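# Understanding the architecture of this molecule
Take a look at the letters that make up each chain.
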Protein chains: 2
Amino acid sequence: MHKGMGEKYYAADLFDGTRWQRRVTLEVDAEGSLSSIRPKTRAPEDAEVLSGPVVPGMPNLHSHAFQRAMAGLAEIRGPSEDDCWSWREAMYRLAARLDPEALEAVAAQAFVEMLTAGYTSVCEFHYLHRDPDGAHYADRAELGKRILAAAAASGIGITLLPVLYQHGGFDRRELTRRQRRFYLSSEEFIDLTVRIAAATEADPNQAWGFAFHSLRAVAPEVLSEVRAALDPAVPVHIHVAEQQAEVTECVAHLGRRPVAWLTRNVELGPGWTLIHATHMDADETEAVARSGAVVGLCPTTEANLGDGLFPLEAYLSAGGVFGIGSDSQVSISPIEELRWLEYGRRLVSGRRNTVASAADPRCGTGLWRRSLVGGARATGRPIGQMTAGARADWLVIDPQAAQMVSLEADAILDLLVFSGNRCPVRDVMVGGRWRVRDGHHPGAEAVRRRFLETTRRLNERR
Amino acid sequence: MHKGMGEKYYAADLFDGTRWQRRVTLEVDAEGSLSSIRPKTRAPEDAEVLSGPVVPGMPNLHSHAFQRAMAGLAEIRGPSEDDCWSWREAMYRLAARLDPEALEAVAAQAFVEMLTAGYTSVCEFHYLHRDPDGAHYADRAELGKRILAAAAASGIGITLLPVLYQHGGFDRRELTRRQRRFYLSSEEFIDLTVRIAAATEADPNQAWGFAFHSLRAVAPEVLSEVRAALDPAVPVHIHVAEQQAEVTECVAHLGRRPVAWLTRNVELGPGWTLIHATHMDADETEAVARSGAVVGLCPTTEANLGDGLFPLEAYLSAGGVFGIGSDSQVSISPIEELRWLEYGRRLVSGRRNTVASAADPRCGTGLWRRSLVGGARATGRPIGQMTAGARADWLVIDPQAAQMVSLEADAILDLLVFSGNRCPVRDVMVGGRWRVRDGHHPGAEAVRRRFLETTRRLNERR
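Residues numbered from 1 in each chain as written. Chains lettered and ligands numbered in written order. Predicted model: local features only at pLDDT ≥ 70, side-chain atom pairs only at ≥ 80, totals over all residues. Heavy atoms only, no water.

## Some points on the overall build of chain A
Where we set the bar: Only runs of H or I of at least four residues qualify as helices and only runs of E of at least two qualify as strands under DSSP, and these elements are numbered from the N terminus. Using C-alpha atoms as the atom set, the radius of gyration is obtained and then compared with a globule rule of 2.2 Å times the number of residues to the power 0.38. Each residue gets one of three labels from its accessible area relative to the maximum for its type: buried under 20%, exposed over 50%, partly exposed in between, using a 1.4 Å probe on protein chains only. Under the convention used here, a 1.4 Å probe and the Shrake-Rupley method define accessible areas, while residue burial counts only the protein chains that appear. Charge assignment in this entry is limited to Lys and Arg as positive and Asp and Glu as negative, and neither His nor the chain termini are counted. All charge positions are set by atom: Lys at NZ, Arg at CZ, Asp at CG, Glu at CD.
For chain A, the helix and strand inventory stands at 14 helices and 17 strands. Taking 2.2 N^0.38 as the reference for a compact globule, 462 residues should give roughly 23 Å; the C-alpha atoms of chain A span a radius of gyration of 21 Å, in line with that estimate. Dimensions along the principal axes, computed over C-alpha positions, put chain A at roughly 65 × 50 × 45 Å. For chain A, the residues scored as buried account for 67% of the 462 residues in total. Total accessible area computed for chain A in this model is approximately 15,800 Å², and 49% of it derives from carbon and sulfur atoms. The averaged location of the 59 negative side-chain charges in chain A is 3 Å from the averaged location of its 53 positive side-chain charges.

## Describing the confidence of the model for chain A
If pLDDT is low for a region, its predicted coordinates should not be looked at in detail. Quick reminder of the rule: Scored from 0 to 100, pLDDT reflects the predictor's confidence in each residue.
When the pLDDT values of chain A are averaged, the result is 95; 98% of them are 70 or greater. In the predicted complex, the global pTM is 0.97; the interface-specific ipTM is 0.97.

## Details of the packing of aromatic side chains
Stated formally: The aromatic pairing rule takes the rings of Phe, Tyr and Trp, using the six-membered ring of Trp, and pairs them if the centres are within 6.5 Å, calling planes under 30 degrees apart stacked, those over 60 edge-to-face and the rest tilted. Sitting over a ring, as applied to charges here, requires NZ of Lys or CZ of Arg to be within 6 Å of the ring centre and within 35 degrees of the ring normal.
One pass over the full model with this rule turns up 31 aromatic pairs over all chains. An angle of 40 degrees between the planes, with centres 5.8 Å apart, marks the rings of B:Y343 and B:F418 as tilted. Of the two residues, B:Y343 sits in helix α11 (residues 334-349) while B:F418 sits in helix α13 (residues 409-418), which places them 75 residues apart along the sequence. B:Y343 sits in the buried class, given a relative accessible area of 0%. Classification of B:F418 by relative accessible area gives buried; the value is 0%. Above the plane of the ring of A:W434 lies A:R437, whose end atom (NZ or CZ) is 4.1 Å from the centre.

## A look at helix α14 (residues 444-460) of chain A
Worth spelling out the cut-off: What a helix should span is 1.5 Å times the count of its residues minus one. Only heavy atoms enter the contact rule, under which two residues are in contact if any of them lie within 4.5 Å.
In a regular helix each residue adds 1.5 Å, so 17 residues correspond to 24 Å; α14(A) covers 24 Å between its end C-alpha atoms and thus fits that length. In this structure, the buried residues of α14(A) make contact with α1 (84-95) and α2 (100-117) of chain A.

## Quick word on the side chain of B:E246
Residues and elements named next belong to chain B. Cut-off, in case you're wondering: The rule for a salt bridge is simple: a side-chain nitrogen of Lys or Arg has to be within 4 Å of a carboxyl oxygen of Asp or Glu.
You can see E246 is positioned in helix α6 (residues 244-254). R216 is the oppositely charged side chain nearest to the buried, salt-bridge-free E246, at an N-O distance of 4.6 Å. The contact partners of E246, leaving out residues within four places of it in the chain, are F170, R216, V240 and A241.

## Some remarks on the environment of B:R140
Residue and element names in this part refer to chain B. You can see R140 is positioned in the loop between β7 (119-126) and α3 (142-154). C-alpha separation for the pair R140 and R195, spaced 55 residues apart in sequence, amounts to 8.3 Å. Dropping the residues within four chain positions of it, R140 is found in contact with H129, E188, D191, L192 and R195.

## Points about the interface of chain A and chain B
We count it as follows: Buried area is calculated as the accessible area (1.4 Å probe) missing from two parts once they are joined, with the contributions of both summed. Between N or O atoms, a polar contact is any pair within 3.5 Å; within protein, one atom must be a potential hydrogen donor and the other a potential acceptor, and residues adjacent in sequence are included only when both atoms are from side chains. Gly is placed with the polar residues, together with every amino acid not listed as nonpolar (Ala, Val, Leu, Ile, Met, Phe, Trp, Tyr, Cys and Pro) or charged (Asp, Glu, Lys and Arg).
On the side of chain B, 75 residues touch chain A, which itself brings 75 residues to the contact. Taking both sides of the interface into account, the surface hidden between chain A and chain B amounts to around 5,800 Å²; carbon and sulfur atoms contribute 49%. Among the residues of chain A in contact with chain B, A:W340, A:R352 and A:V405 are the three that bury the most area, contributing 14% of the side total. The interface formed by chain A and chain B includes six salt bridges. When the shortest N-O distance is used, the salt bridge between A:R346 and B:E75 registers 2.9 Å. For the interface between chain A and chain B, the tally reads 45 residue pairs in polar contact (both at pLDDT 80 or more). Every element with two or more residues in the side of chain A that touches chain B is listed here: α1, α2, α9 (299-304), α11 (334-349), α13 (409-418) and α14 of chain A. Looking at side-chain class alone, the side of chain A that touches chain B contains 32 nonpolar, 23 polar and 20 charged residues.

## Brief notes about the pairing of strand β12 (residues 272-276) of chain B
For a regular strand, side chains alternate in direction, first toward one face of the sheet and then toward the other. Residue and element names in this part refer to chain B. Note the following rule: The criterion for strand pairing is that DSSP finds at least two bridges linking the strands in question. Handedness of a crossover is defined as follows: with both strands directed away from the viewer, a clockwise route from the first strand across the helix to the second makes it right-handed.
Where burial is concerned, most of β12 is hidden: five out of the five residues are buried. The pairing of strand β11 (residues 236-240) with β12 spans five bridges and is classified as parallel. Bridge pairing in β12 links V236 to W272. This β-α-β element, β12 to helix α8 (residues 282-291) to strand β13 (residues 294-297), shows right-handed connectivity.

## With respect to the relation of the copies chain A and chain B
Using the following cut-off: Alignment of the copies relies on least squares applied to C-alpha atoms, considering only residues that score at least 70 for pLDDT in both.
Of the transformation placing chain A onto chain B, the axial shift is 0.0 Å and the rotation is 180 degrees, giving an RMSD of 0.0 Å. Here the transformation between the copies is reduced to the relation of a two-fold axis. A shared interface surface links the copies, since 100% of the contact residues of chain A are contact residues in chain B too.

## As for the pattern of salt bridges
Taken as a whole and assessed by the stated rule, the structure comprises 59 salt bridges over all chains. Here A:E336 and B:R339 are joined by a salt bridge, their closest N and O atoms 3.0 Å apart. Placement of A:E336 in helix α11 and of B:R339 in helix α11 is noted, with the two residues assigned to different chains. The burial state of A:E336 is the same as that of B:R339; both residues are buried. For A:R437, the salt bridge goes to A:D427, with nearest N and O atoms at 3.5 Å. Of this pair, A:R437 sits in the loop between β17 (433-436) and α14 while A:D427 sits in strand β16 (residues 425-430), placing them ten residues apart in sequence. Sharing partners across several salt bridges, the network here consists of A:E48, A:D398, A:R426, A:D427, A:R437 and A:D438.

## Digging into the packing of α11(B) against α13(B)
All names here are of chain B. As a reminder, the rule being used: Think of each axis as a best-fit line through the C-alpha atoms, taken over the contacting stretch in the case of a helix, with angles from 0 to 180 degrees between the N-to-C directions. Reported orientations rely on four angle classes, namely roughly parallel under 35 degrees, roughly antiparallel over 145, roughly perpendicular from 65 to 115, and oblique for the rest.
At a closest axis distance of 8 Å, the pairing of α11 and α13 adopts a crossing angle of 85 degrees. One way to sum up the angle between α11 and α13 is to call them roughly perpendicular. Residues I335, L338, R339, E342, Y343 and R346 of α11 form the contact with α13, whose own contacting residues are L416, V417 and F418.

## Observations regarding α6(B)
An α-helical turn contains 3.6 residues, so a residue and the one three or four places further along point in the same direction. Residue and element names in this part refer to chain B. Quick reminder of the rule: To be clear, the arc concerns the directions from the helix axis to the C-beta atoms.
For α6, the full list of buried residues reads E246, V247 and C250. Angularly, the buried residues of α6 cover 100 degrees about the axis, an arc narrow enough to put them on a single face. Within α6, the exposed residues directed more than 90 degrees away from the buried face are T248 and A252. For α6, the elements touching its buried residues are β11 and α7 (258-265). Backbone geometry just downstream of α6 places G255 in the positive-phi region, at approximately 80 degrees.

## Some details on unusual backbone geometry
Residues and elements named next belong to chain A. Positive phi, close to 50 degrees, is recorded for A277, a residue that is not glycine. Tracing the backbone through its elements, the reader meets A277 in the loop between β12 (272-276) and α8 (282-291). The class of A277 is buried, set by a relative accessible area of 0%. The backbone phi angle of D438 is positive, close to 50 degrees, even though this residue is not glycine.

## So, the nonpolar core
Condition: Side-chain atoms within 4.5 Å are what join buried Ala, Val, Leu, Ile, Met, Phe, Trp, Tyr and Cys residues into a set we call a nonpolar core.
Counting residues in hydrophobic clusters, the biggest one holds 274 residues, and the most contacted among them are A:F111 and B:F111. Once you skip the residues sitting within four places of it in the chain, A:F111 turns out to touch A:A65, A:V122, A:E124, A:I147, A:A150, A:A151, A:S154, A:I156 and A:I158. Counting residues in each nonpolar core, the second largest holds 17 residues, with B:A12, B:V24, B:I37 and B:W394 among its members.

## Focus on the side chain of A:Q403
In this structure, A:Q403 sits in the loop between β15 (394-397) and α13. Discounting residues that sit within four places of it in the chain, A:Q403 has contacts with A:L415, A:S419, A:G420, A:N421, A:R422, A:P424 and B:R68.

## With respect to the packing of α2(A) against helix α3 (residues 142-154) of chain A
A pair of packed helices is characterised by two quantities: the angle between their axes and the separation of those axes. Residue and element names in this part refer to chain A. Spelled out, the test is: For a crossing to be left-handed, the near helix must be turned anticlockwise from the far one by less than a right angle; the clockwise case is right-handed.
Orientation of α2 relative to α3, taken along the N-to-C sense of each, is 35 degrees, at an axis distance of 8 Å. Judged by the twist between their axes, the crossing of α2 over α3 is right-handed. Across the interface between the two elements, P100, E101, L103, E104, A107, A108, F111, V112 and L115 from α2 touch E142, L143, R146, I147, A149, A150, A151 and S154 from α3.

## With respect to the environment of A:S121
All names here are of chain A. Looking at where S121 falls in the secondary structure, it is placed in strand β7 (residues 119-126). The buried category is assigned to S121, whose relative accessible area is 1%. Sequence-distant contacts of S121, defined by excluding residues within four places in its chain, comprise M58, P59, N60, I156, G157, T379, I383 and R391.

## Regarding the pairing of strand β8 (residues 157-164) of chain B
Residues and elements named next belong to chain B. Taking burial as the measure, the eight residues of β8 include eight buried ones, the bulk of the element. Of the two faces of β8, both are covered, the one formed by G157, T159, L161 and V163 as well as the one formed by I158, L160, P162 and L164. Bridge analysis of β7 against β8 gives six bridges, and the strand direction is parallel. Bridge pairing in β8 links E124 to L160. With α3 bridging β7 and the parallel β8, this β-α-β connection has right-handed handedness. Pairing between β8 and strand β9 (residues 206-208): three bridges, direction parallel. Across the sheet, residue L160 finds its bridge partner in β9, namely W208. Pairing geometry for β8 and strand β10 (residues 210-212), over two bridges, is parallel. What sits directly across from L164, in β10, is F212.

Next up, the structure:
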């Protein structure tokens, strides 16, 4: 076996994104990509023998990192009937008072938690652009760069998605005072994407894309113009059909349900990620599945906000692709997202193992495999599988964790997703470098201290 | 302040089961009970100042400890439509091959995990009585005593509930070969309760009660006779209305829905705990709430099995009392049970903070407080609150955990229940003795090693 400059070898049993392979030699090049995967070979003598089975790291396809500062603080009943607005009001209050240092401290904590939980990359849906008074920062990409800095320090891969957010509703009303940090004109937004693209260029673990906040926040003609002005090769994300009220308003103003409007007016395809898409009728479900777009499911946030349950079985039957996201950061765990995505379907159907089939019977394996595919597509990067050319992003599962009541390879992802409350992820690699070893991120203590100082200061000021 | 023999003092801010109190001195007597609670006092000089806020430990009101050996191994789609029977078949296979040593090893792991997660006591619903060939053990309480030994070694409080399980359905069919370990005649069962009562007598952290497996498994006249023969002061539990199919069969054989049958034919009261009670109509919901019986909710197991969602808002409006249980052990976490109990309601109602009210607005506080009340009642012990005479069972929350973005007392239980994926329980006391310190149970490693040896042996034999 020839060994080039800077290459490293690892030996393990692995799930390559599709199936389990025994005694595999993984070769990682100096840029952090997998250059070869050889099953059933004798590894080179200097190969690192990994301490447990290996699975591809999970992409987190939807995150608002700053919301980590308020996780758990909006669980208070308001004076009237309580819906998602009790949470949104708390979020606006937080967004109005974050300074750049605070944002970086909060994002760093979120990213360290993501890595430790088994997320190796994140799509950051980033809509904080201006300062608290509504003025531009001297560097208009100041806040985006703070997020990139936090990602680089933690070691997580990132696709930063600056967000266009112009209106407070389908009636095109202006943003409120508390939302004014989110506003950019279309020209300012396009300019911001150029700055963000430049800022991510040097780091192979960083990339960019962009997002429309929602059909509530961006007018149809603006959506078309901005889409046409930007690189068609980068990922584009949008929040859609999260709440029933949004569907009703969309029908009133645009004449169609939001997902139906998108499928008719936008050339949906694998470059698009629709976040939530909770409320779809049968035709919308079928159309999105056929388009190749990704649906971004965020089960813990969607449950916290009372959004409703995504029609998963119908969507998968039609060939739909999904990934998962930690969104509001009430939970940061691919395990909790996938477990409760499936459990939600069981609770309403009275059936078990709803995403599995007789031909593909393992429920945990199926959930992990499917969300790798969608997550990678949403990220726009060669991740989510263990094949030559893919980025070396993987997790080593601790075979001594109390969940591992069987070491049969086929059982491992079922045990990971469906058993226990301690994360059995032992080691985490991103882009060919270890970021977590033995469950521990080397920056965790310093990041947590700074995070707690920051959040307590922010939350006392409320 | 007078100090008696063997008394110990602790100083902390605490949630007493109803409200938060600042700078409290807790006095614990030599038997492990709270002898006084003095708010806003100066603690004695030798008081231990606790390292964070204190909350009462959670009772786990429904556990089948042995099922910990198969957690995560039944997430496989069967050849036909999959319902709860795919899980039950796997459970019967496991139950058929456990020996007493294996049962003790598995129970010890479950109990150590419970303590570390914040459960300070457990009601063990114990239906494994005979050996794998269907013969009695030399000591007929052999398996129950193994569970008590595991509980004593771990330090968890236990109410052991031997279970009467005689039939395989409402048609009174005999138990199958794989169920034969569960069978006792009524006389054998009454004799077993006497042995279990004697075995728990010496340990102040151990108690007994009994259970009827379900209306499927015990004929009405046997239920009445056995109930009448046993101590009316001990707790009695029963599985009821977990699945829709069970409701239909019960109507066919007994002429009423299962909960309606119970409310008419049994003197329900605070001594009764109805496990699941998922499928109730409005009259049943109201009748159970009025009776003072406890409903035992097991949200993670009920989700895993696709049982359905309990009508929580209606039950609470009628004054109903509930507690929580880890049941099949797919999850062992009061946090996950309470979080998803509430999230389930949010998902179907489109509302947030459904168990809270304008007068009682904190959702996490409300969930913890209510499940303490029901859990204590189901256990039949003076636990679940911090008042004089109660057992000293409490948790110290780590104020440096990343969840604790505010240290305002009112926020702590919301942050505990609704944020994050690492348990912020730092120290755990049961009956006046520390069982977990700094997140670590001193027996954890040895128990886990023995557990993994045992489960891998069991699961390879399948």
